[in-house]
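The residues making up each chain are set out below.
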Amino acid sequence: MKHSIISFIVLLTVQYGWSQGTGYWNLPSKSINGLNYFLFEETGEVMMADENCWDGELALPATINWDGQDYPLRYLASRAFSDCKALTRVTIPETVRDIRFYTDYLGDLSIIKSPFHGCTQLESIEVVEDNQWLCSLDGVLYNHEKTQLFNYPPGAARSHFAIPEGTEAIGTAAFRGSLNLTSVSIPNTVTRIYEEAFYECDHLEQISLPDNISTIRLSTFRGCSKLKSIHLPDSLKEIKNAAFYECSSLKEIVFPEKLQTLGAVVFYGCQLKTVVIKGYLYDYSISNLLPYLNDSTKLYVPASEVDRYKNIFSGEVLPLEEYTELVTFTAGQMATIVLPTEPDAGKGKYYRLDRVDGNEIVFEQELHPQAHVPYIIVPSEDFSIELSTLELAGLRSDTVSIEGISFIGTYQKEVIEEPDGFYIDIIDTTPDCSLVNDKQMIGALRAYLLVTWDDPYNHGGTKVPAEEMQIVLHDHGTGIETLSNSPSKGENIYNLNGIIVNSKSPNRKLPRGIYIKDGRKQLR
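Values in this document were obtained by computation on a predicted structure and should not be read as measured data. (Residues numbered from 1 in each chain as written. Predicted model: local features only at pLDDT ≥ 70, side-chain atom pairs only at ≥ 80, totals over all residues. Heavy atoms only, no water.)

Enquirer: How should the overall build of the chain be read in this particular structure?
Expert: What the chain contains, in helices and strands, is three helices and 42 strands. Taking all 524 residues of the chain together, the buried fraction comes to 54%. Relative to all contacts within the chain whose residues are 6 or more apart in sequence, the contacts with residues 24 or more apart total 53%. Carbon together with sulfur atoms contributes 46% to the accessible area of the chain, which is approximately 22700 Å² in total. (Helix = DSSP H or I, 4+ residues; strand = E, 2+ residues; numbered from the N terminus. Buried < 20%, exposed > 50% of the residue type's maximum accessible area, 1.4 Å probe, protein only. Contact = heavy atoms within 4.5 Å. Areas by Shrake-Rupley, 256 points an atom, 1.4 Å probe, with all protein chains shown as cover.)

Enquirer: Explain the packing of aromatic side chains to me, please; I cannot follow it from the model alone.
Expert: Centre distance and the angle of the planes are the two values used to describe a pair of aromatic rings. Per the stated rule, a full pass over the model turns up 16 aromatic pairs. Each ring, one from F198 and one from F221, has its centre 5.4 Å from the other, and the planes form 5 degrees; the classification is stacked. Taken together, the residues F198 in the loop between β18 (192–193) and β19 (206–208) and F221 in the loop between β20 (215–216) and β21 (229–231) connect sequence positions 23 residues apart. Neither F198 nor F221 differs from the other in exposure class; each is buried. A ring pair is formed by F255 and F267, whose centres lie 6.1 Å apart and whose planes are at 40 degrees; its orientation type is tilted. Of this pair, F255 sits in strand β23 (residues 252–255) while F267 is found in the loop between β24 (261–262) and β25 (274–277), placing the two residues 12 residues apart along the sequence. F267 carries the same exposure label as F255, and that label is buried. Sitting above the plane of the Y245 ring, R222 keeps its charged end 4.9 Å from the centroid. (Phe/Tyr/Trp six-rings, centres within 6.5 Å; stacked < 30°, edge-to-face > 60°. Lys NZ or Arg CZ within 6 Å of the ring centre and 35° of its normal.)

Enquirer: When you look at the state of the cysteines in this model, what are you seeing that I'm missing?
Expert: A complete count under the given rule lists zero disulfides for this structure. Between C53, a cysteine without a disulfide, and C84, which holds the nearest cysteine sulfur, the sulfur-to-sulfur distance is 3.3 Å. Accessibility expressed as a relative area gives 49% for C53, which makes it partly exposed. The closest cysteine sulfur to the non-disulfide-bonded C119 is located on C84, 5.3 Å from its own sulfur. (Disulfide = S-S within 2.5 Å.)

Enquirer: Sorry if this is basic, but what is going on with the sheet that holds β19 here?
Expert: Backbone hydrogen bonds are what pair the strands of a sheet, in a parallel or an antiparallel way. Ordered by their spatial adjacency, four strands build an open sheet running β15-β17-β19-β21, and the pairing between neighbours is parallel. The sheet terminates laterally at β15 (160–162) and β21, the two strands that pair on one side only. Neighbour to neighbour, the strand axes of the sheet diverge by 10 degrees on average, direction disregarded. As paired strands, β19 and β21 are joined by three bridges and run parallel to one another. Note on β21: the bridge partner recorded for S208 is H231. (Pairing = 2+ DSSP bridges. Axes fitted to C-alpha atoms, helices over the stretch in contact; angles between N-to-C directions.)

Enquirer: Would you mind showing me how to read the nonpolar core here?
Expert: When a protein is soluble and globular, its nonpolar side chains tend to lie buried together. Counting residues in hydrophobic clusters, the biggest one holds 56 residues, and the most contacted among them are F175, F198, F221, I239, F244 and F255. The set of elements that each furnish at least two residues to this core consists of β13 (140–143), β23, β25, α2 (283–289), β26 (298–301) and α3 (306–310). Discounting chain neighbours no more than four positions away, the residues touching I239 are I216, L232, F244, F255, L259, T261, L262, G263 and V266. Counting 29 residues, the second-largest nonpolar core is a separate cluster that includes L60, I64, V96 and F150. (Core = buried A, V, L, I, M, F, W, Y, C linked by side-chain atoms within 4.5 Å.)

Enquirer: Got a minute to help me understand the pairing of β26 in this structure?
Expert: For a regular strand, side-chain orientation follows a simple rule: the groups alternate between the two sheet faces. In this sheet, β26 lies alongside β25 in parallel orientation, the contact comprising three bridges. Note on β26: the bridge partner recorded for T274 is K298. Read from β25 through α2 to β26, the crossover connection turns out right-handed. Here four bridges tie β26 to strand β27 (residues 316–319), and the two strands are oriented parallel to one another. Across the sheet, Y300 pairs through a bridge with L318, a residue of β27. (Right-handed = clockwise from strand over helix to strand, strands pointing away.)

Enquirer: I'm lost on the pattern of salt bridges in this one. Help?
Expert: As a working rule, side chains carrying opposite charge can pair if their charged atoms are close by. Summed over the entire model, instances satisfying the criterion amount to 12 salt bridges. We note a salt bridge from K85 to D83, for which the minimum N-O separation is 4.0 Å. Note that R176 is salt-bridged to E196, the shortest N-O span being 3.2 Å. One end of the pair, R176, is in the loop between β16 (169–170) and β17 (183–185); the other, E196, is in the loop between β18 and β19, with 20 residues separating them in the sequence. (Salt bridge = Lys/Arg side-chain N within 4 Å of Asp/Glu carboxyl O.)

Shown next as structure tokens:
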């Protein structure tokens, strides 16, 4: 069995020349205060050894007294706290400059271990501010410049995580074994995602890869058994071995035009119903794909490739132009929807932005949803609709806007830029808003709250709002209805201050806004 060390600081790995196992057996070792260490006598540095265990919170010491001599703690070994189930929080001192990884290669597969692999209760990895090599942000470990994400704590409670803008690389096994994540948003600044980055993220359901990714590496999403949706960018050229190994919930995959190379066992254990190939796959890539398809799989390929695939695949082969992209709304999962026709009120509950109340952004249920209006929808059943029936453009001019906060509905691939404000993302199934710059996919569509710089919570641009604003969904059909531009004669229309606005000119067109008619809020 072959072993090798993977480190973000390659120079150090090469310097010590560890090539077999963890390679530390010939170093002096010692247990001090319940923790195990190795000593590098030539350099006068100490490394945290393998398989320590700790109950609760732990602040690692900056120096280790070894037989009366103090040495700085410089490294964490590749299995420093491997499978330590009781560790809840760890603080890395200013002296530590590197964390280690190792890889076992098993034929077409691999197993990578990191210092916190299997720490199922670990909620936060902190770093002392004076550390020149590493840092922590929201309990996640990065290099000092925050361009590389090294380790996400496996036991963190959040269901969604937005990788910060400016991050360039997601490290080896960075999210491996994360227990609670259902979605991750990745900014377009990320150009490299290393091996096993999301391996065994058992609850991960959806992810969209950034535009600059050219390779999905070894076992990146292996064991993500609940992964239902992944967007592959147009820049993608290669998918390596076991990338989606045992992603049993993945039913559809769309290969972009530039993709030509598929490694071995990429889709082992998957149950793909639809495969869309927009470009040309090498013969060996097709050979690596076909064993994981069956006669019920629909294969869409360019018209010029139909005969080629019909000769080697027993299932249905169709020309690419017949492919109709569907978006699926999952029962109970908050999503957004904008349709050019009246939505089906029987598919779930529809909510439209109603008001801002303190730190709450309140959406009221609308019993009779309208066309061309962005809603939050909580489906009562799983259902799919054709992409062509959705409103794909962001409703920048016709959106609902209240007190400086606008609710905008848009298709998941739409990019909305706004120099005069920033976006609050509606995240997954939770009612929280997080201030993030990138655009998170939720359900079938995306939704954003745009907060302008002069909104009441920003005080004219002098400070930003709190990190979270609560989204509240109110039921019982008290939501906003659509009001005709010219109210009928005799109908009194009030503004939100209770003043009649149409008494002098009953047939005049009302300006855009929210009004009260017959005791109900309505939108023009």
